[in-house]
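Below are the chains, spelled out letter by letter.
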Amino acid sequence: MSGSVSVPRSRAGAILTIDLDAIVQNWRDMQSRAPGAEASAVVKADAYGLGAIPVSQALHRAGCKTFCVAHIEEGITLRAALPDVRIFVLNGTFPGTEADLAAHALIPSLSSWPQVEGWVAFNRTSGAQAPCALQVDTGMTRLGLNQHQAETIANDAELMQALNPCLIMSHFACADEPSHPLNQLQISSFAKFRQLFPTLPGSLAQSAGTFLGGEALNDMTRPGIALYGGNPLPPATNPMRQVAKLSARIVQIQSVDTPQTVGYGASYAVPKPGRLATVSLGYADGFLRAIGNCLPEHRICATVADRYRAPLVGRISMDLSTFDISDVPEDTLQVGDTLDVIGKFATIDDLATAGQTIPYEVLTALGPRFHRIYLNGSAL
Ligand SMILES: *Cc1c(COP(=O)(O)O)cnc(C)c1O
């Protein structure tokens with residue numbers, strides 16, 4: 001997992017600081033928005049790039065008992081760090097992986113008939129009685145059993161016993177648009193599925209779904225992006241705490257004047273005399289190239305010394321990008337110092353807007369070349 005990789009600080013091109021306290025606060029916030037339900041934590045894709053093990057350990061210390069990953073391998077890695085928690089594997093099984101899942105006490109979310117058959121066969125031949133979750137399709141049409149398949153399971157006591165489901169779950173397609181009609185349709189559809197399995201706890205809401213409240217909540221929520229500081233309901237004000245700071249180190253500082261241009265394609269013309277800093281951060285680090293080609297009103301500003309703005313200029317290269325530090329007092333920055341590219345003046349949502357993407361992609365794109373610092377990991 002890239003989360004465990006940390007380049008020595010003196011040699012690193014950028015420093016990624018992850019505030020574990022903020023993640024815990026965000027999880028508690030999500031828990032308080034669904035008082036009757038259990039808040040799990042979605043830590044798939046290495047906790048959205050921020051490090052599944054340190055993130056999960058901090059949340060576990062704060063009382064989180066259930067975690068969701070996407071891949072079996074992610075579950076096995078997490079199990080080694082947290083022996084006593086519940087771990088759901090959202091992508092379910094691949095043929096022949098049932099014994100691996102059971103051996104690590106991982107609960108697959110089964111969404112297709114072959115996955116159901118494989119789990120039943122495994123439990124029957126091994127006598128393992130290993131639990132699973134049933135994922136049903138309420139309208140997203142990505143993963144999930146249909147109504148007929150769910151009825152077939154519910155009406156067959158022997159199949160139910162061999163399958164041993166402990167949760168029924170589904171996923172909202174449009175929860176980030178609270179007034180989208182599909183939300184209510186999915187809530188109703190899920191309620192219908194749940195009637196087939198009256199004793200099974202249910203889970204429907206991810207981060208944005210949790211904000212729908214009421215019938216969306218069910219027995220367990222599955223927040224991901226909200227824990228990591230992404231705005232669950234843009235364009236509303238982001239209620240979550242920022243978690244990640246990315247500080248890129250300066251390789252060169254130079255004075256410039258007209259008619260110079262900056263970077264590939266000579267796309268940025270220097271408008272007046274000033275100073276530029278080129279930092280060791282590029283699209284190979286997840287500083288998405290599209291961010292450099294954004295509309296002027298979405299232009300990203302790095303933060304210097306917590307107070308000065310340094311606009312990104314020119315195209316982002318693979319390993320480098322350039323910022324205008326003309327507004328930063330001359331003696332503030334030297335080669336080797338840092339600009340916060342994710343920080344006070346540029347959140348992960350700002351980077352997503354500039355790059356025409358979503359904060360999920362901004363976070364999961366973050367690469368392995370950083371020095372990583374985890375704040376407050378043991379102080380909880
Ligand atoms: C990724 C995922 C989540 C978390 O979604 P967020 O929008 O990040 O809160 C929850 N449930 C499932 C099935 C997912 O795939």
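Just so it is clear, the model here is predicted, and its values are computed rather than measured.

Peer 1: In this structure, what is going on with the site of the ligand? I would like to understand it.
Peer 2: Close to the ligand lie 14 residues; Lys44, Tyr48, Ser207, Ile225 and Tyr360 are nearest. For the ligand, an oxygen atom lies 2.5 Å from a polar atom in the side chain of Ser207. Residue Gly224 places a main-chain N or O atom 2.8 Å away from an oxygen atom belonging to the ligand. Computed on the free molecule, the ligand has an accessible area of 390 Å², of which 92% lies beneath the protein chains in the complex. A per-class count over the shell around the ligand returns seven nonpolar, four polar and three charged.

Peer 1: Is there a simple way to explain the pairing of strand S7 (residues 132–135) in this structure?
Peer 2: Taken residue by residue, a regular strand's side chains alternate between the two faces of the sheet. Burial along S7 is two-sided: the face carrying Cys132 and Leu134 and the face carrying Ala133 and Gln135 are both buried. Pairing analysis gives two bridges linking strand S6 (residues 106–110) to S7, with the strands arranged parallel. Bridged to Ser109 within S7 is Ala133. As a crossover connection, the stretch from S6 through helix H6 (residues 113–126) into S7 is right-handed. The pairing of S7 with strand S8 (residues 165–169) spans four bridges and is parallel.

Peer 1: Teacher, can you tell me more about the packing of aromatic side chains here?
Peer 2: The description of an aromatic ring pair rests on the distance of the ring centres and on the angle between the ring planes. What the rule picks out here adds up to four aromatic pairs. Each ring, one from Tyr48 and one from Tyr360, has its centre 6.0 Å from the other, and the planes form 35 degrees; the classification is tilted. Pair noted here: Tyr48 is in helix H2 (residues 44–48) and Tyr360 is in helix H12 (residues 359–364), with a separation of 312 residues, a long-range link. Relative to Phe323, the ring of Phe287 has its centre 6.4 Å away and its plane inclined at 20 degrees; by these criteria the two rings are stacked. You can see Phe287 sitting in the loop between strand S14 (274–279) and strand S15 (301–304) and its partner Phe323 sitting in strand S17 (residues 321–324), a full 36 residues away along the chain. Using a relative accessible area of 3% as the deciding quantity, one classes Phe287 as buried. The exposure class assigned to Phe323 is buried, which follows from its relative accessible area of 0%.

Peer 1: How should I be thinking about the packing of helix H3 (residues 52–61) against helix H4 (residues 72–81) in this particular structure?
Peer 2: Angle between the axes and distance between the axes are the two parameters that describe a pair of packed helices. Axis separation between H3 and H4 bottoms out at 10 Å; the angle between their running directions is 50 degrees. Considered as vectors, H3 and H4 are oriented oblique to each other. Between H3 and H4 lies a crossing whose hand is right-handed. Two secondary-structure elements touch here, H3 through Ala52, Ile53, Ser56 and Gln57 and H4 through Thr77, Leu78 and Ala81. Tallied by class, the residues present in the contact of H3 with H4 amount to four nonpolar, three polar and no charged.

Peer 1: What should I look at first to understand H4 in this one?
Peer 2: Note that an α-helix has 3.6 residues per turn; residues three or four places apart therefore point the same way. Residues Ile72, Glu74, Gly75, Leu78 and Arg79 constitute the buried set of H4. Across the axial projection of H4, the buried residues extend over an arc of 150 degrees, all falling on one side. H4 presents Glu73 and Ala80 as exposed residues on the side facing more than 90 degrees away from its buried surface. Structurally, H4 contributes buried residues whose contacts are with H2, H3, strand S4 (66–69), strand S5 (86–89), helix H5 (98–103) and S6.

Peer 1: Help me understand helix H7 (residues 147–154) in this model?
Peer 2: All of the buried residues in H7 are Gln149, Ala150 and Ile153. Buried residues of H7, viewed axially, fall in a sector of 100 degrees; they line one side.

Peer 1: Which parts of the structure should I look at to understand the side chain of Thr66?
Peer 2: Note that Thr66 resides in strand S4. Given a relative accessible area of 1%, Thr66 falls into the buried group. Among the polar contacts made by the side chain of Thr66, one reaches the side chain of Arg86 at a distance of 3.3 Å. Not counting residues within four places of it along the chain, the set of residues in contact with Thr66 comprises Glu38, Ser40, Ala41, Arg86, Phe88 and Met220.

Peer 1: Mind showing me how you'd approach the pattern of salt bridges here?
Peer 2: When their charged atoms lie close together, side chains carrying opposite charge are able to pair. In total, this model carries five salt bridges according to the counting rule given. A salt bridge links Asp29 to Arg33, with the shortest nitrogen-to-oxygen separation between them at 2.5 Å. Judged by its relative accessible area of 18%, Asp29 falls in the buried class. Looking at Arg33, the relative accessible area reads 31%, which means it is partly exposed. A salt bridge links Arg369 to Asp319; the nearest nitrogen and oxygen atoms lie 3.0 Å apart. Placement of Arg369 in the loop between H12 and strand S19 (370–375) and of Asp319 in the loop between strand S16 (308–313) and S17 is noted, with a sequence separation of 50 residues between them. Asp319 gets classed as partly exposed once you look at its relative accessible area, which sits at 33%. Each member of the salt-bridge network shares a partner with another, and the members are Asp285, Asp319 and Arg369.

Rules and cut-offs
Residues numbered from 1 in each chain as written. Predicted model: local features only at pLDDT ≥ 70, side-chain atom pairs only at ≥ 80, totals over all residues. Heavy atoms only, no water. Near = heavy atom within 4 Å. Polar contact = N/O pair within 3.5 Å; in protein donor to acceptor, adjacent residues only side chain to side chain. Areas by Shrake-Rupley, 256 points an atom, 1.4 Å probe, with all protein chains shown as cover. Nonpolar A, V, L, I, M, F, W, Y, C, P; charged D, E, K, R; others polar. Buried < 20%, exposed > 50% of the residue type's maximum accessible area, 1.4 Å probe, protein only. Helix = DSSP H or I, 4+ residues; strand = E, 2+ residues; numbered from the N terminus. Pairing = 2+ DSSP bridges. Right-handed = clockwise from strand over helix to strand, strands pointing away. Phe/Tyr/Trp six-rings, centres within 6.5 Å; stacked < 30°, edge-to-face > 60°. Axes fitted to C-alpha atoms, helices over the stretch in contact; angles between N-to-C directions. Parallel < 35°, antiparallel > 145°, perpendicular 65-115°, else oblique. Left-handed = near helix turned anticlockwise from the far one by under 90°. Contact = heavy atoms within 4.5 Å. Arc of directions from axis to C-beta. Salt bridge = Lys/Arg side-chain N within 4 Å of Asp/Glu carboxyl O.

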